[in-house]
Amino acid sequence: DHRHSPLRTSRRRPQYILAYSGFKYPIALTLWHMVFCTSVATIMVRVVGTTKRLKMPKKEYVNRVIPIGALYAASLWLSNSAYLHLSVSFIQMTKALMPGLVYVCGVAFGMEKLTRVTSFNMFIIAIGVAIAAYGEINFVYIGVVEQLSALVFEALRLMLVQVLITRQGYAMNPIQSLYYVSPACAACLALPFAAVELPEILADIHLEIDYGMLLLNALTAFALNLAVFLLIGKTSALTMNIAGVIKDWMLIFASQHIFGNEVTFLNYLGYVIAFLAVGMYNYNKLKAAKRKEAAAKAEAAAKSGSISAAENGSK
């Protein structure tokens, strides 16, 4: 599920850093985050021994991890860029599109079946987000394009993780994911940073860098990954979904009352419609998973019974 991906990064503090602190360089911020995550994950894996390294040949790393790192870099870069133009509340509302985008990618990759019920569900989510967008006062096209593009890249990344990593037996916990994917992501960000933002940063004589805030940003993002790791280990995917919904509402509320972002009636109406449709989608997926699990148990029980009958017959 997209809500509890091991590499889902924190995007609360980037809004403050990019929109209010005067540091308007999203590639640099994302690159710093990836370098920090790479450093801490390397220490935890190689020095502390928190988790083991995977036996992954270089060719496998290039073919499987690098594409995921590239998509992750694009997703983080564009989503952080969107904070320069859009409010936290509106960005959270657009994230309701993620189940639909993941579903479309799943159908394209042959991982999901195209059904009328799910397609209608996704259509309702899109309608809700469209209403929220129509009601957005500070609607900036470039910001919307960046945010929607970031969501598309994130959906593709999640699908590639399933296709290239999980299916091949390279299931990773969050620390391993950071250890392997963060360096690839940083490498993909280094070129656009050097070509686009580094000259601007060097020429910006008025730039004041709040190193404490940057460190706090990186620590918060890394702590979020650890929290996700612990929560998934101790609870279920349903708990993660509920926690994700609560988080979205808290961020919208905080955006309105802390950052002073104005949230209109149409914003709330559209998001409530999308929120209910996402809830229905998750509920249907949960029911389908339970049916599949029950069918698997029944099949296993039937096989066990037939084996026992055959053994008794031979006696």
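Residues numbered from 1 in each chain as written. Predicted model: local features only at pLDDT ≥ 70, side-chain atom pairs only at ≥ 80, totals over all residues. Heavy atoms only, no water.

Visitor: What's the story with the overall build of the chain in this structure? I'm lost.
Guide: Helices and strands together make up the secondary structure of the chain, namely 11 helices and 0 strands. Reading the chain from its N end, one meets helices and strands in the order α-α-α-α-α-α-α-α-α-α-α. Taken over 315 residues, the chain has a buried fraction of 44%. Considering only contacts in the chain between residues 6 or more positions apart, those separated by 24 or more positions represent 86%. Taken as a whole, the chain presents about 16,500 Å² of accessible surface, with 67% of it coming from carbon and sulfur. (Helix = DSSP H or I, 4+ residues; strand = E, 2+ residues; numbered from the N terminus. Buried < 20%, exposed > 50% of the residue type's maximum accessible area, 1.4 Å probe, protein only. Contact = heavy atoms within 4.5 Å. Areas by Shrake-Rupley, 256 points an atom, 1.4 Å probe, with all protein chains shown as cover.)

Visitor: What is the right way to look at the packing of aromatic side chains in this model?
Guide: Two aromatic rings are characterised by how far apart their centres lie and by the angle between their planes. Across all of its chains, the model carries 9 aromatic pairs by this definition. Plain terms: the ring middles of F139 and Y141 are 5.0 Å apart, the flat faces sit at 85° to each other, and that makes the pair edge-to-face. By relative accessible area, F139 is classed as partly exposed at 30%. With relative accessibility at 65%, the residue Y141 sits in the exposed group. On the basis of an interplanar angle of 80° and a centroid distance of 5.7 Å, the ring pair of W249 and F275 is categorised as edge-to-face. Of the two residues, W249 is situated in helix α10 (residues 237-257) and F275 in helix α11 (residues 265-314); the sequence distance between them amounts to 26 residues. Members of the aromatic cluster, each reached through a chain of ring pairs, are W249, Y268, Y271 and F275. (Phe/Tyr/Trp six-rings, centres within 6.5 Å; stacked < 30°, edge-to-face > 60°.)

Visitor: Quick question: what am I supposed to make of the pattern of salt bridges here?
Guide: Side chains carrying opposite charge are able to pair once their charged atoms draw close together. Scanning the entire structure with this criterion turns up 4 salt bridges. Residue E60 pairs with R64 through a salt bridge whose shortest N-O separation is 2.9 Å. Residue E60 and its partner R64 are located together in helix α3 (residues 58-82), separated by 4 residues, close to a single helical turn. For R64, a relative accessible area of 15% corresponds to the buried category. One salt bridge in this structure joins E154 and R157, with 2.8 Å as the shortest N-O distance. Taken together, the residues span about one helical turn, with E154 and R157 both in helix α7 (residues 141-165) at a distance of 3 residues. (Salt bridge = Lys/Arg side-chain N within 4 Å of Asp/Glu carboxyl O.)

Visitor: Is there a simple way to think about the side chain of S89 in this case?
Guide: One can find S89 in helix α4 (residues 88-94). When residues no more than four places from it in sequence are discounted, the contact partners of S89 are I252, S255, N261 and V263.

Visitor: Help me understand the packing of α3 against helix α8 (residues 174-203), please; the structure alone is not making it clear to me.
Guide: Packed helix pairs are specified by the crossing angle of their axes together with the interaxial distance, meaning the distance between the axes. Their axes nearest at 7 Å, the elements α3 and α8 cross at an angle of 60°. Relative to α8, α3 is oriented oblique. At the point where α3 passes α8, the crossing takes the right-handed sense. Along its contact with α3, which presents Y61, V65, I66, I68, G69, A70, Y72, A73, L76 and W77, the element α8 presents Y180, V181, P183, A184, C185, C188, L189 and P192. A per-class count over the contact of α3 with α8 returns 17 nonpolar, 1 polar and no charged. (Axes fitted to C-alpha atoms, helices over the stretch in contact; angles between N-to-C directions. Parallel < 35°, antiparallel > 145°, perpendicular 65-115°, else oblique. Left-handed = near helix turned anticlockwise from the far one by under 90°. Nonpolar A, V, L, I, M, F, W, Y, C, P; charged D, E, K, R; others polar.)

Visitor: How do you make sense of the state of the cysteines when you look at a structure like this?
Guide: Simply put, disulfide is the name for a covalent bond between the sulfur atoms of two cysteines. One pass over the structure, following the stated rule, counts 0 disulfides. The thiol sulfur of C188 is not disulfide-bonded, and the nearest other cysteine sulfur, from C185, lies at 6.8 Å. Relative accessible area serves as the criterion here: at 29%, C188 is assigned to the partly exposed category. (Disulfide = S-S within 2.5 Å.)

Visitor: Sorry if this is basic, but what is going on with a nonpolar patch on the surface here?
Guide: A cluster of nonpolar side chains, I43, V47 and V48, forms an exposed patch at the surface whose accessible area comes to about 310 Å². Under the relative-accessibility criterion, V48 is labelled exposed at 58%. (Patch = residues over 30% accessible without salt bridge, like charges linked within 9 Å, V, L, I, M, F, W, Y side chains within 5 Å.)

Visitor: Would you mind showing me how to read the nonpolar core here?
Guide: Soluble globular proteins tend to pack their nonpolar side chains together in the buried interior. Ranked by internal contacts, the top residues of the largest apolar core, which has 59 residues, are M34, A96, I125, C185, L189 and F222. Mapped onto this core, the elements with two or more residues apiece are α2 (26-48), α3, α5 (98-108), α6 (116-134), α7, α8, α9 (211-234) and α11. What A96 contacts, discounting residues up to four positions off in sequence, is I125, V129, Y271, A274 and V278. Y83, L86, V88 and F90 belong to the second-largest nonpolar core, a separate cluster that totals 8 residues. (Core = buried A, V, L, I, M, F, W, Y, C linked by side-chain atoms within 4.5 Å.)

Visitor: Just to check I follow, could you spell out the packing of α2 against α8 for this structure?
Guide: Contact geometry for α2 and α8: axes closest at 7 Å, N-to-C directions at 150°. With respect to each other, α2 and α8 are oriented roughly antiparallel. Considering how the two elements wind past one another, α2 and α8 form a crossing that is left-handed. Of the residues belonging to the contact of α2 with α8, the class tally is 21 nonpolar, 4 polar and 2 charged.

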